[in-house]
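# Structure assessment
One letter stands for each residue in the lines below.
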Amino acid sequence: MPGLMYLRKKYGNKKPLKNARIAGCLHMTIQTAVLIETLIELGAEVRWSSCNIFSTQDHAAAALAKKGIPVFAWKGMNEQEFDWCIEQTLFFGDKSRPLNMILDDGGDLTNMVLDKYPQFSKGIKGVSEETTTGVLRLYERVNKGTLPIPAINVNDSVTKSKFDNKYGCRESLVDAIRRATDLMLAGKTAIVAGFGDVGKGSAESLKQAGVRVMVSEIDPICALQACMEGYEVVPMAEGVKRADIIVTATGNKDIITSKHFLATKDKAVVCNIGHFDNEIDMAWLEKNYGNTKVNIKPQVDKYHIKGKDVIVLAEGRLVNLGCATGHPSFVMSNSFCNQTLAQIELWNNNNTYKNQVYILPKHLDEEVARLHLEKLGAKLEILTPSQAKYIGVPIKGPFKSEAYRY
Ligand code: NAI
């Protein structure tokens, strides 16, 4: 994680997070452990929970606990325990020392603090949010006038969503399906619902494994992008009849419902890589076919629906963290540099922000990318003064306007 190591070197002595009491709720993986250690090295006190009941790597949590870092997470907790864990991160030692910063992934911690403990919001300098779904919840709050603290949308740093969501899923989707099923992927047919950043990475992950991929979309631009990449674009109701593997990646709800389950092929594998489990109607499946369920191994269940089997991974929760270990460290270093920079910014310059959602300035986004180039042996061109003048950008960047879409 070269970016995080650089930030430790750059800021370690200055302790820009001194006196910050950061409550974090983000998949408790080995990569997150390195983020937590970085925040501590920069001066913060940290308490942590995981944002998904299946995503904790117990060895990562145990390593932190051994160092005396309060972490409340284990793989395979239930929903009550999930809430209990988040609640344990709100007080630092005693009740007089509540959190004063939030680092969230998906918004469950933010919602708990703002809805259940609204009295804390006065002392909180800000929240940095990791993912598309959590950011959506923050913008909803802004529109309703219920966001009492400034927020930084980490997801929409280019070096986050265009890397973690896309290239991360490109590695981790197929990894999860393989670890869960040992299925021969080449020659199979799959459908990916949603062709946003996660869907793009997921579709490519399957394509690289020799899978024939279909895509379902609501947005004509994303649908056209899928066509340009060579994918067949079909409604889910159609694709599900032909697919051996069905993946939801929309951040929306009700993507796989009863009618889709009833139309699947025998032994179809159904999984979700979006943040919440409501993309797949697990409640219907459990209610009607729960009695046929065979637990093949942890996070792999087989249901029998009208003469055929359906294999559901991670109970419909995000599969790459439920059935595998999430994204590789290198890509998470990019995401977590953005998280660290967002925490430093909110903690030190809170008074320059309103209770709105912001993204980090482009020069920091470019800086995060720059920190990861050397490790890959990449060497940049340097603009000459006359070239810089010709395209109208400073020699050292930022190199693109805000309108540029990468
Ligand atoms: P995005 O907004 O870029 O893409 C979602 C796509 O789904 C959009 O193109 C949208 O038009 C499409 N969509 C919405 N409703 C649909 C429907 N009914 N049928 C077909 N397509 C539909 O969002 P992004 O960044 O791709 O994130 C998707 C989800 O994945 C979010 O919940 C996000 O939080 C989560 N996520 C998961 C990660 C993981 O490692 N598992 C990593 C990053 C994000």
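Residues numbered from 1 in each chain as written. Predicted model: local features only at pLDDT ≥ 70, side-chain atom pairs only at ≥ 80, totals over all residues. Heavy atoms only, no water.

We now examine the overall build of the protein. For the protein, the count of helices and strands is 16 helices and 15 strands. The C-alpha radius of gyration of the protein comes to 22 Å, within 12% of the 22 Å expected for a compact globule of 406 residues. Expressed along its principal axes, the backbone C-alpha trace of the protein runs to roughly 65 × 60 × 40 Å. Counting the 406 residues in the protein, one finds 55% classified as buried. Within the protein, counting contacts between residues at least 6 apart in sequence, those at least 24 apart form 69% of the total. In the protein, 51 side chains carry a positive charge and 45 a negative one; their mean positions are 3 Å apart. (Helix = DSSP H or I, 4+ residues; strand = E, 2+ residues; numbered from the N terminus. Rg over C-alpha atoms; globule rule 2.2 N^0.38 Å. Buried < 20%, exposed > 50% of the residue type's maximum accessible area, 1.4 Å probe, protein only. Contact = heavy atoms within 4.5 Å. Lys, Arg positive; Asp, Glu negative; His and termini not counted. Charge placed at Lys NZ, Arg CZ, Asp CG, Glu CD.)

Turning our attention to the sheet that holds strand β10 (residues 245-248). Two strands in a sheet stick together by hydrogen bonds in their backbones, pointing the same way (parallel) or opposite ways (antiparallel). Spatial strand order, β9-β8-β7-β10-β11-β14-β13-β12: 8 strands in an open sheet with mixed pairing. Because the sheet does not close on itself, it has two edges, and the strands there are β9 (232-233) and β12 (294-297). Pairing of strand β11 (residues 268-272) with strand β14 (residues 308-313) involves 3 bridges; the strand directions are parallel. Bridge pairing in β14 links V270 to V312. (Pairing = 2+ DSSP bridges.)

A word on the packing of aromatic side chains. Counted according to the given criterion, the structure contains 10 aromatic pairs. Consider the rings of Y117 and F120, whose centres lie 5.3 Å apart with planes at 5°: the pair is stacked. The pair formed by Y117 and F120 is uniform in burial state, with each residue classed as buried. For the pair Y353 and Y358, a centre-to-centre distance of 4.8 Å together with 75° between the ring planes defines the contact as edge-to-face. Given a relative accessible area of 24%, Y358 falls into the partly exposed group. An aromatic cluster is present here, built from F91, Y117 and F120 joined pairwise through their rings. A cation sits over an aromatic face here: K95 above F91, 4.4 Å from the ring centre. Seen from the ring of Y231, K207 lies directly overhead, with NZ or CZ sitting 4.8 Å from the centre. (Phe/Tyr/Trp six-rings, centres within 6.5 Å; stacked < 30°, edge-to-face > 60°. Lys NZ or Arg CZ within 6 Å of the ring centre and 35° of its normal.)

Here the focus is the UniProt feature "domain: S-adenosyl-L-homocysteine hydrolase NAD binding" (unreviewed entry) in the protein. As annotated in UniProt, the feature "domain: S-adenosyl-L-homocysteine hydrolase NAD binding" (unreviewed entry) corresponds to residues 165-326 in the numbering used here. Annotated as residues 165-326, this span is 37% helix and 23% strand, and its ends, taken at the C-alpha atoms, are 11 Å apart. (UniProt positions renumbered as here; feature names shortened; annotations may be inferred.)

Attention shifts here to the packing of helix α7 (residues 158-181) against helix α14 (residues 329-349). Look at α7 against α14: their axes get within 9 Å of each other, and the N-to-C directions meet at 150°. Here α7 lies roughly antiparallel to α14, going by the angle between them. Considering how the two elements wind past one another, α7 and α14 form a crossing that is left-handed. Of the residues in α14, those in contact with T159, K160, F163, D164 and G168 of α7 are V331, M332, N334, S335 and N338. Classifying every residue of the contact of α7 with α14 gives 3 nonpolar, 5 polar and 2 charged. (Axes fitted to C-alpha atoms, helices over the stretch in contact; angles between N-to-C directions. Parallel < 35°, antiparallel > 145°, perpendicular 65-115°, else oblique. Left-handed = near helix turned anticlockwise from the far one by under 90°. Nonpolar A, V, L, I, M, F, W, Y, C, P; charged D, E, K, R; others polar.)

One pass over the structure, following the stated rule, counts 20 salt bridges. Note that E87 is salt-bridged to K116, the shortest N-O span being 2.9 Å. With E87 in helix α4 (residues 79-87) and K116 in helix α5 (residues 108-116), this pair connects stretches of sequence that are 29 residues apart. Of the charged contacts, one joins R242 and E232 as a salt bridge, the two residues approaching to 2.9 Å between their closest N and O atoms. Separated by 10 residues along the polypeptide, R242 in the loop between α10 (236-239) and β10 and E232 in strand β9 bring together distant segments of the chain. Judged by its relative accessible area of 35%, R242 is partly exposed. Bridged by salt links that share partners, the residues R8, E37, E41 and K67 form one connected network. (Salt bridge = Lys/Arg side-chain N within 4 Å of Asp/Glu carboxyl O.)

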